[in-house]
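# Notes for the structure review
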Amino acid sequence: MIKQKELNTYRYITSCSYEAINTVGVLACLLLNISLYFLVYCQNIEENLTLDCRNLRIMKLNRVYGRFLSCGVLFFSCLFFMPADSFAADIGNCLLCHKYPGLSRIGENGKFRLFYVNENVFMNSVHAKVKCEGCHTDIKKIPHDPAEKVDCLRECHITEPSSEQKFSHKEVAAFLSKSVHAKLDEKQNPKKYAEDMPNCLDCHDNPLYRPLSFFKRVRPGISEMALGRCRVCHKEDEFIFRFYNHVTTRLHTIRSPKNIAEMCGRCHDDPKVVTRHNLSTKAVYSYGETFHGKAANYLDERIPDCLDCHVNRGQSVHQMLSHKDPLSITYETNKAEICTNMECHPKATPKLANYKVHMEFDPEQSPREYYFKIFFITLTGATLLPLMGIMFLDLFRRLFPNVSVRITRRKQEDESI
Amino acid sequence: MIKVKKGKKYFFRSTVNQRIQHIILASCVIVLVLTGMPLKFHDASWAHYLYALFGGIKVAPIVHKTAGCILMLLFGYHLIYLASNIYIGQIAPLRKNKELSVARLLKLLATQPLMPNRKDVKDMIQLFKYLLFLTDRKPEGDEFTWKNKFDYWAPFWGIPVLGISGLIMWNKEFATKFLPGEIINYALIAHSDEALLAALFLFIWHWYNVHFKTSVFPMGTVFITGYISEKLMVEDHYEHYVKIMKKAGLEHEILPPHDPYGREPANEKAFPAELHTASAGQNFQTMNPKKGDRRND
C-alpha cells in the first residue's frame, strides 16, 4: 500500500514537471504554427485572387518556406518537448510520434490539423481502453499514410463482457435510423436535406469521465471510500479507477444540462436549419426562456434538459422520435407522462403538460401569448415613458427656474407689498 | 401635526405602523428584484455574479419565494389595516347614527385621501404648464399629490399581479388542477414583465421623486422620520400646508407658495434658524429687499 502511495507521488511530480515543460512547449509551438498558418493563408489568398505568372515565384518561395517551417516545427518539438508520462499500454507504439504536442500539419485544403494525443486526457476518456488500432483500422504500419476518417460503427477490439462478443456501436446506428434524425425515411428514400441530419461526431466527441462532484465532494469523480470498497476484491488500481468511472459516469448524463442544450442548439438554433426543416421554434432558444433553461444556464445539474423530455423513458437517446409520431413521448396524448414523471412533478395532473415549453414571442407560433406580452409591453411603455418625460422636463425646468411665459409670481408680490 | 425642532417646522406624514409597512415593502421589493432580475436577464454578464451573491440557482429561488411570501402577507395585512381603519374611523360612526346607505358608503370610499379625484387632473395640467415654462406657479398639492397616489396604486396593482402569477408558477402542480397548462406561460409573461415595470417605476420614478430630485438630494428622510420639512411641504403640498397651518392657528407664519426663482423662503442659508420662530411678516421683510432690487432693474 505504501509502495503504491510513493509511486503515486512520484507519478504526480513527474507528470507535473512534464506538464510545465509541455505548456511552455505548446505555447512556443502555437506561435510557430500561427506564423506558419498565416503564411500559408496568405499564399492561399494569392492563389485564389491572382493567377498571374509574376506571383508564381513568390508562391513557390512561400511553399518552400512553409515546408522548411513545418520541418522546423517538428524538429523543435523533438528537441524541446519531453513526452507526457506514459503508463498505459500503447501496444501499437503510436505515442512514439503522437506524444509530441507540436505534431501538426496543414492539410490539403489549407486547414491546420493537430495530431497530438494528450495521453493524460485520453486515459480519462471513455475510450481509454480502446487501442488506437481499434478505431484506426486502416493503419497497419508506422510511419503511416494519411489515415481515413474513423467509422464509429467498426467492431473495435474490445469484448463486451456480458455477451462476450466484440463490441460495436452498430445498434446505435439501428436506433438512429428509426429516429427522427434518420437520413432515410420509412420507405428508405433519402429525406429532404438529409445532409443536415447528425452523424455520430456532430453530437459526440471522445468524452471524459464526468466527475460526480455535485454529490461526491471528496475529489472530483473519486470517492476514496467507494474505492476502498472496490479494493477489497479488485487488486489493480488502474482497473478500479477505470471501472468506477465507467459506472459512475453512466449514473447521469455525461454532459451537464447546459452542455446538452448547447450541443442540440448547434443545429436546432441555426436559423437556416430551422427554416429548411420547417421547425416551429429555435428549440434551445425557447427552452432557454423557460425556468428549466435558465436554471440549466446557471449550471443546475438536476434540471431537465432536451433529452429528459424528448427521449422515451428507458430508451436510447438515439431513438428520438418526432412529436408527430404516436409512439413518441412528446406526442400530443403522451406528453402528460413527461411532466408527471416520478422524479419531476409527480403530483401534477396531465394538464401541466400543456405548458408550452417552446413558446416564442411570435404572432404566428403562439398568437395569444404574443398579444398578452404586447399588452404588458404597452403597459410598461405607456406608464414609464410619460413619467420619464415628466422627470426629464422637471430636471430641465429646474435648470431654468426664471424662465416663464406668464409671470404671476411677480405680480402677486407687487400686490402683496 | 406640526413638530418644531431646532426652530424648523416638520409636518406629520405617516404613522410608525405605516413606516414599518413601507420599510418591509421596500426591502422585500429590493430583494425580489435582485433575486429575480438575474433570472429574467440570465444571459447578461452581470447576472451570474448577482445570482451567485444570493446563493445561485439552489438558494436564490428560496430567497425570492421567502421575500415574496412576506410581501404578500404584508399586502394582506395592509388590506385589513385599511379596511379596519376606514370602518372604525368612518363607517362605524355613520352606522351608529343610522345614516349609512349604499350611496353614502360609495361616496365615502370615493373621497378617501388616496383616491384619485378632479384636483389631481387640475394639478397635472398645472404641472405640465409649469414644466413647459408656460407659468411660474407649481401646482399646489393636497396632502397626497397625484404622484403620491400613483406611487401607492402602482404596487397596489402590482403585488396582486406578481403575487398570483408567482404563486401559480410556484405551485404549478396545484394550479394546473383547475387551470389549463398554458396559464404558466401567461403567468411567466405577466410576472416577468410586470416585475420589470415595477422595478423601473420604483427605482427611476419613485426614487427620483423622493430621493434624487434636486430639492431632496441625496436622500429623503420622510420614510424614516414620518415628518416632512416645511420647505418640501411648501413645494409639493401647498394647499395642505395652508390648511394645516390655519388649523394650528399659525396663519401669520404661512410661507408664500414655492418660488421657482430659487429663492425658497425656507432656505436655511438665506435665513438663520431664529427667523423661523419669528413671524412670517419679518421673514417676508428680509426677503423683500432682494426682490425689490430685481423689480427695479
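Residues numbered from 1 in each chain as written. Chains lettered and ligands numbered in written order. Predicted model: local features only at pLDDT ≥ 70, side-chain atom pairs only at ≥ 80, totals over all residues.

The next point concerns the overall build of chain A. Counting its regular elements, chain A contains 17 helices and 4 strands. Burial statistics for chain A: of 417 residues in total, 18% are counted as buried. Considering only contacts in chain A between residues 6 or more positions apart, those separated by 24 or more positions represent 48%. (Helix = DSSP H or I, 4+ residues; strand = E, 2+ residues; numbered from the N terminus. Buried ≥ 20, exposed ≤ 12 C-beta atoms within 10 Å, placed from the backbone. Contact = placed C-beta atoms within 7 Å.)

Looking only at helices and strands, chain B has 13 helices and 3 strands in total. Across the 297 residues of chain B, 28% fall into the buried class. Of all intrachain contacts in chain B linking residues separated by at least 6 positions in sequence, the fraction that spans at least 24 positions is 63%.

This part is about the environment of Ser366(A). Tracing the sequence through the fold places Ser366(A) in the loop between α15 (336–339) and α16 (367–399). Residues Ser366(A) and Thr380(A), spaced 14 residues apart in sequence, show a C-alpha to C-alpha distance of 21 Å.

All names here are of chain B. It is at 9 Å that the axes of helix α6 (residues 146–170) and helix α8 (residues 183–212) come closest, and there the two elements cross at 155°. As the angle between them shows, α6 and α8 are arranged roughly antiparallel. Remark: the crossing between α6 and α8 carries left-handed chirality. Contact residues: Lys147, Asp151, Ala154, Gly158, Val161, Leu162, Ser165, Gly166, Ile168 and Met169 in α6; Ile183, Ile184, Ala187, Leu188, Ala190, His191, Glu194, Ala195, Ala198, Phe201, His206 and Asn209 in α8. Partitioned by chemical class, the residues of the contact of α6 with α8 number 13 nonpolar, 6 polar and 3 charged. (Axes fitted to C-alpha atoms, helices over the stretch in contact; angles between N-to-C directions. Parallel < 35°, antiparallel > 145°, perpendicular 65-115°, else oblique. Left-handed = near helix turned anticlockwise from the far one by under 90°. Nonpolar A, V, L, I, M, F, W, Y, C, P; charged D, E, K, R; others polar.)

Turning next to the packing of α16(A) against α8(B). One way to put it is that α16(A) packs onto α8(B) with a least axis distance of 10 Å and a crossing angle of 0°. The orientation of α16(A) with respect to α8(B), classified from their angle, is roughly parallel. Among the residues making up the contact of α16(A) with α8(B), the classes are represented as 18 nonpolar, 3 polar and 4 charged.

All names here are of chain B. With 87% of its residues at a pLDDT of 70 or more, chain B has an overall mean of 86. Mean pLDDT across the elements of chain B ranges from a minimum in helix α13 (residues 280–296), with 40, to a maximum in helix α1 (residues 16–40), with 96. For the stretch residues 264–297, pLDDT sits under 50, and the model shows 37 contacts to residues farther than four places along the chain or on other chains. For this predicted complex, the interface confidence comes out at an ipTM of 0.83, alongside a pTM of 0.76. (pLDDT = per-residue confidence, 0-100.)

Residues and elements named next belong to chain B. As summarised here, the arrangement of the 3 strands in space is β1-β2-β3, forming an open sheet in which the pairing is antiparallel. Strands at the two margins of the open sheet, each flanked by one partner only, are β1 (2–5) and β3 (227–229). Looking at each pair of strands side by side, their axes are set apart by 35° on average, direction ignored. Note that strand β2 (residues 8–12) and β3 share 3 bridges and pair antiparallel. By the bridge assignment for β3, phenylalanine 11 is matched with isoleucine 228. (Pairing = 2+ DSSP bridges.)

Examined bridge by bridge, β1(B) and β2(B) share 4 bridges and lie antiparallel to one another. Opposite Lys5(B), over in β2(B), you have Lys8(B) as the bridge partner.

All names here are of chain B. Residue position: lysine 65 is located in helix α3 (residues 56–96). Since 15 C-beta atoms lie within 10 Å of it, lysine 65 is described here as partly exposed. As a C-alpha pair, lysine 65 and methionine 219 span 154 residues in sequence and 30 Å in three-dimensional space.

Cis rather than trans, the peptide bond between Phe217(B) and Pro218(B) has omega equal to 5°. The backbone phi angle of Asn278(A) is positive, close to 55°, even though this residue is not glycine. By the secondary structure assignment, Asn278(A) is in the loop between α11 (271–276) and α12 (283–288). Note on Asn278(A): 7 C-beta atoms within 10 Å, which makes it exposed. Within the chain, Leu299(A) stands out as a residue other than glycine whose phi angle is a positive 65°. Of the residues examined, Leu299(A) has 15 C-beta atoms within 10 Å and is grouped as partly exposed.

With that settled, consider the interface of chain B and chain A. With 42 residues of chain B at the interface, the matching set in chain A holds 45 residues. Every element with two or more residues in the side of chain B that touches chain A is listed here: α3, α5 (118–131), α7 (172–178), α8 and α13 of chain B. The element best represented in the side of chain B that touches chain A is α8(B), accounting for 14 residues. The residue inventory of the side of chain B that touches chain A, partitioned by class, reads 21 nonpolar, 9 polar and 12 charged.

Further remarks concern the environment of Leu299(A). Residue and element names in this part refer to chain A. Mapped onto the secondary structure, leucine 299 falls in the loop between α13 (291–297) and α14 (306–310). Taking the C-alpha atoms as reference points, leucine 299 and proline 257, separated by 42 residues in sequence, lie 7.5 Å from one another. Leucine 299 has contacts with Ser256 and Lys258, leaving out every residue within four places of it along the chain.

Turning next to the nonpolar core. Ranked by size, the top nonpolar core spans 30 residues in total, and within it Ala261(A), Tyr287(A), Ile184(B) and Ala187(B) carry the most contacts. The leading source of residues in this core is α8(B), at 6 residues. Ala187(B) has contacts with Ser165(B), Ile168(B) and Met169(B), leaving out every residue within four places of it along the chain. Judged by nonpolar contacts, the second largest core, of 13 residues, contains Leu32(B), Ala195(B), Leu197(B) and Ala198(B). (Core = buried A, V, L, I, M, F, W, Y, C linked by C-beta atoms within 7 Å.)

Attention now goes to the confidence of the model for chain A. All names here are of chain A. Mean pLDDT for chain A: 78, with 74% of residues reaching 70 or above. In the model, residues 45–59 has pLDDT below 50 throughout and makes 5 contacts with residues more than four positions away in sequence or in other chains. Note on residues 76–88: pLDDT under 50 across the span, and 33 contacts to partners over four residues away in sequence or across chains.

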